[in-house]
Amino acid sequence: MRTRIVFYSRSGTTRLMAEALAARLVAESSEITCAQYRPGLFGYIMAARSAIRRERPEISVTEGDGKPDCLLIGSPIWVGRIAPPVRSYLARLSDPPARVGMFLTSGGPPPHPKAQAEVADLLGRAPDGWLMLREQDVRAGRHMDEIEDFLRDLTLHAGSTS
């Protein structure tokens, strides 16, 4: 199964998850870039404001060749919502593959119902799998078991839809 990982990361936590998934799956990954959100307190405030307003900023992402069988999309959670660059990516994703998984990182505990509803709305359906982890667990390396569970859920779901 050909898998592509697409993610946005302002602080680096979601990037750590994407790297762990890419290494585990030997998958290609693409980082969404967005010049609008800078490091620091002012950047954090602007990011939160954009998330609350459900903005769709200009983004850049390098897509791989061909359509993957499975797409894993990563986003940080900002004030209970997906990051605006991921919102922009999902809004322009016209023909998602049959299998889509979402991995979310946040400073607070999951679940994140607003973010989950927003993803399902933009995607046109619920993803086949969810992985939601706290930043402190990712940074401490306490996420590998959850990654395995996430990938197993995606595989099981794939078997039930084939």
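First, a word on what this report is: a plain description of the structure on this page. (Residues numbered from 1 in each chain as written. Predicted model: local features only at pLDDT ≥ 70, side-chain atom pairs only at ≥ 80, totals over all residues. Heavy atoms only, no water.)

### Remarks on the nonpolar core
The nonpolar side chains of a soluble globular protein tend to be buried, and buried together. Note the following rule: Here the nonpolar core consists of buried residues drawn from Ala, Val, Leu, Ile, Met, Phe, Trp, Tyr and Cys, with membership extended through side-chain atoms lying within 4.5 Å. The buried label applies to any residue whose accessible area, calculated with a 1.4 Å probe on protein chains only, is under 20% of its type's maximum; exposed applies above 50%, and partly exposed to all values in between. Secondary structure is summarised from DSSP: a helix means a run of H or I of at least four residues, a strand means a run of E of at least two, and numbering begins at the N terminus for each. It only takes one pair of heavy atoms within 4.5 Å for two residues to be counted as in contact.
Within the largest apolar cluster, 27 residues are counted, with the highest numbers of intra-cluster contacts made by Tyr8, Ile32, Ile73, Ile82, Tyr89 and Leu90. Elements with a contribution of two residues or more to this core: helix H2 (40–52), strand S3 (70–78), helix H3 (84–92), strand S5 (99–106) and helix H4 (113–123). If sequence neighbours within four positions are ignored, Ile82 has contacts with Ala51, Ser75, Pro76, Ile77, Arg87, Leu90, Leu104, Ala115, Glu118, Val119 and Leu122. Counting residues in each nonpolar core, the second largest holds 18 residues, with Met17, Ala20, Leu21 and Leu72 among its members.

### Quick notes on a nonpolar patch on the surface
Applicable threshold: Residues enter a patch when their relative accessible area is above 30% and they make no salt bridge; the linking distance is 9 Å between like charges and 5 Å between nonpolar side chains (Val, Leu, Ile, Met, Phe, Trp, Tyr). To be clear on the numbers: accessible area is Shrake-Rupley with a 1.4 Å probe, and residue cover counts the displayed protein chains and nothing else. In the sections that follow, a salt bridge refers to a side-chain nitrogen of Lys or Arg positioned within 4 Å of a carboxyl oxygen of Asp or Glu.
A cluster of nonpolar side chains, Leu41, Tyr44 and Ile45, forms an exposed patch at the surface whose accessible area comes to about 350 Å². Relative to the helices and strands, Ile45 resides in helix H2.

### Some words on the pattern of salt bridges
A complete count under the given rule lists eleven salt bridges for this structure. For the salt bridge of Glu28 with Arg2, the shortest nitrogen-to-oxygen distance reads 3.3 Å. With Glu28 in strand S2 (residues 28–31) and Arg2 in the segment before strand S1 (3–7), this residue pair connects regions lying 26 residues apart in the sequence. The exposure class assigned to Arg2 is partly exposed, which follows from its relative accessible area of 31%. The network of salt bridges with common partners includes Arg2, Arg4, Glu28 and Glu63.

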